[in-house]
Amino acid sequence: MTTAGIHLLNSSCTSYKNIQDDSMQNHSFRNYDKHDSDSQVYNTYKQMHTFQTVDFVKESHGRWTKFDHAEMSIMEALEMLNNLVDESDPDIDLSNSFHAFQTAEGIRKEYPDEDWFQLTGLVHDLGKVMALWGAPQWSVTGDTYPVGCRPAPSVVYADSTFNDNPDFNNPKYNTKLGIYDEHCGLSKVLMSWGHDEYMYQVLKHNTCYLPEEALCVIRYHSFYPWHNSNDYGYLCDNKDQEMLKWAKHFNPFDLYTKSPVIPDVDEIRPYYEKLIEKYIPGKLKW
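Reading the values: the criteria
Residues numbered from 1 in each chain as written. Predicted model: local features only at pLDDT ≥ 70, side-chain atom pairs only at ≥ 80, totals over all residues. Heavy atoms only, no water. UniProt positions renumbered as here; feature names shortened; annotations may be inferred. Helix = DSSP H or I, 4+ residues; strand = E, 2+ residues; numbered from the N terminus. Buried < 20%, exposed > 50% of the residue type's maximum accessible area, 1.4 Å probe, protein only. Axes fitted to C-alpha atoms, helices over the stretch in contact; angles between N-to-C directions. Left-handed = near helix turned anticlockwise from the far one by under 90°. Contact = heavy atoms within 4.5 Å. Nonpolar A, V, L, I, M, F, W, Y, C, P; charged D, E, K, R; others polar. pLDDT = per-residue confidence, 0-100. Salt bridge = Lys/Arg side-chain N within 4 Å of Asp/Glu carboxyl O. 1 Å grid on protein atoms, 1.4 Å probe; cavity = no way out; pocket = protein on both sides within 12 Å on 5 of 7 lines; lining within 4 Å. Points joined across faces, edges and corners; volume = space filled by probe spheres on them. Core = buried A, V, L, I, M, F, W, Y, C linked by side-chain atoms within 4.5 Å.

- For the chain, the name recorded in an unreviewed UniProt entry is Inositol oxygenase, with Octopus sinensis as its organism.
- UniProt's Sequence similarities (unreviewed entry) comment on the chain is quoted here verbatim: "Belongs to the myo-inositol oxygenase family."
- In its Catalytic activity (unreviewed entry) section, the UniProt entry covering the chain states "myo-inositol + O2 = D-glucuronate + H2O + H(+)".

**Brief notes about the overall build of the chain**
- Scanning the chain from N- to C-terminus turns up 12 helices and 2 strands.
- The order of α-helices and β-strands along the chain, N terminus first, is α-α-α-α-β-α-α-α-α-α-α-α-α-β.
- The burial tally for the chain puts 57% of its 286 residues in the buried class.

**Description of the packing of helix α6 (residues 96-110) against helix α12 (residues 265-279)**
- Close contact between α6 and α12 brings their axes to 12 Å; oriented N to C, the two are set at 65°. The two elements α6 and α12 cross, and the hand of that crossing is left-handed. Within the contact between the two elements, α6 uses F98, F101, A104, E105 and R108 and α12 uses V265, I268, Y271 and Y272.
- Looking at the contact of α6 with α12 residue by residue, the class counts come to 7 nonpolar, no polar and 2 charged.

**Observations concerning the confidence of the model for the chain**
- Averaged over every residue, the pLDDT of the chain is 88; the share at 70 or more is 83%.
- The model gives residues 12-27 a pLDDT under 50, and that stretch makes 28 contacts with residues more than four places away or in other chains.

**What about the UniProt feature "binding site: Fe cation" (unreviewed entry) in the chain?**
- Cross-referencing UniProt, the feature "binding site: Fe cation" (unreviewed entry) maps to H99, H124, D125, H195, H221 and D254 in the present numbering.
- Among the structural elements, H99 can be located in helix α6.
- Taking the relative accessible area as the measure of exposure, H99 reaches 9% and is therefore buried.
- Position of H221 relative to the elements: it lies in the loop between α9 (212-220) and α10 (224-227).

**Regarding the pattern of salt bridges**
- Enumeration over the complete set of coordinates arrives at 10 salt bridges.
- Residue D115 is joined to K278 by a salt bridge in which the shortest nitrogen-to-oxygen separation is 2.8 Å. With a gap of 163 residues between them, D115 in helix α7 (residues 115-123) and K278 in helix α12 connect regions that are remote in the sequence.
- Taking the relative accessible area as the measure of exposure, K278 reaches 46% and is therefore partly exposed.
- Two residues, K239 and E212, come together in a salt bridge whose shortest N-O distance is 2.4 Å. Residue K239 is found in helix α11 (residues 238-256), and its partner E212 is found in helix α9; the two are separated by 27 residues along the sequence.
- Overall, E212 belongs to the partly exposed group, its relative accessible area being 39%.

**Points about the UniProt feature "binding site: substrate" (unreviewed entry) in the chain**
- Residues annotated by UniProt as "binding site: substrate" (unreviewed entry) correspond here to R30, D86, E87, S88, K128, G142, D143, H221 and S222.
- You can see K128 is positioned in the loop between α7 and α8 (195-205).
- Not counting the four nearest positions on each side in its chain, K128 is found in contact with L81, L84, D86, N96, V140, T141 and H195.
- If you trace the backbone, S222 turns up in the loop between α9 and α10.
- Residue contacts for S222: discarding those within four places in its chain leaves G142, D143, T144, H195, D196 and H227.

**Thoughts on empty space enclosed by the protein**
- Under the criterion given, the structure shown has 3 cavities of 30 Å³ or more.
- Estimated volume of the second largest cavity: approximately 130 Å³.
- Lining the second largest cavity are 15 residues, with G148, C149, P151, D167 and F168 sitting closest to its centre.
- Partitioned by chemical class, the residues of the lining of the second largest cavity number 8 nonpolar, 5 polar and 2 charged.

**So, the nonpolar core**
- The biggest cluster of nonpolar side chains holds 85 residues, and the ones touching the most others in it are I74, L122, L210, I280 and W286.
- Not counting the four nearest positions on each side in its chain, L210 is found in contact with W116, L119, T120, L203, L215, I218, Y279 and I280.

**Description of α7**
- In terms of burial, α7 is a largely internal element, 9 of the 9 residues being buried.
- Within α7, burial applies to D115, W116, F117, Q118, L119, T120, G121, L122 and V123.

**Describing unusual backbone geometry**
- Unusually for a residue other than glycine, H183 sits at a positive phi of about 55°.
- Its location among the elements puts H183 in the loop between α7 and α8.
- The exposure class assigned to H183 is partly exposed, which follows from its relative accessible area of 44%.
- Here the phi dihedral of N230 falls at roughly 60°; this positive angle occurs in a residue that is not glycine.

Next up, the structure:
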């Protein structure tokens, strides 16, 4: 663990309630029950759980890790997200770039000295640019989960959306462990393809000085069945269990900073440009 990481975790941890108090009052977050089977949110997950197969995930890795879609800076990618509204989000329908700044500013308020953690909040969703290059949102947005084994009950709409997925009825893939060994480690697990894995791969491929904790958050922040419902522990190794605390620590900033109040991006942009230059400089291959 980095020195910065030890300092952050040993500091007085921000409670979920404190973060909620600065967000949308009396708002119920992640309430999927309010979206019926005709809703955009439900249908995004229905398509995800129908088409995200082992073969699809492998094909997506091959396609997107060629990094031949664009060369642009982090700030240019953020500007692209001005044109994206996440169709899987049950809470809010603002452009995703505003969510990036809301998350970063929430972390900055609580941890003014942890600039790497602030930048993690800013860039965590940048993999969603895939949707602006033609990828369907069911392969970009939403919660992630392992493919190649039986979905846990905590996966969103798990009880009604997997029946048409060919892997769901394949005895090779529909057991608890499926194609994996117990405690094999998440690095050996195929997650449903989405913006988490893509952004992680982009950062690993390019010049990036963010610590390992930040990369873990970026790679697994949408893996709610793991860090929110404590499922899939049987696939995790000791390193994953150590990193789990970071996903949990990041989660309230990602979730409870959502608000219809739009930050003044022009005012705060120079601050984040300096962080980008420090940790993820120059043009990246996407």
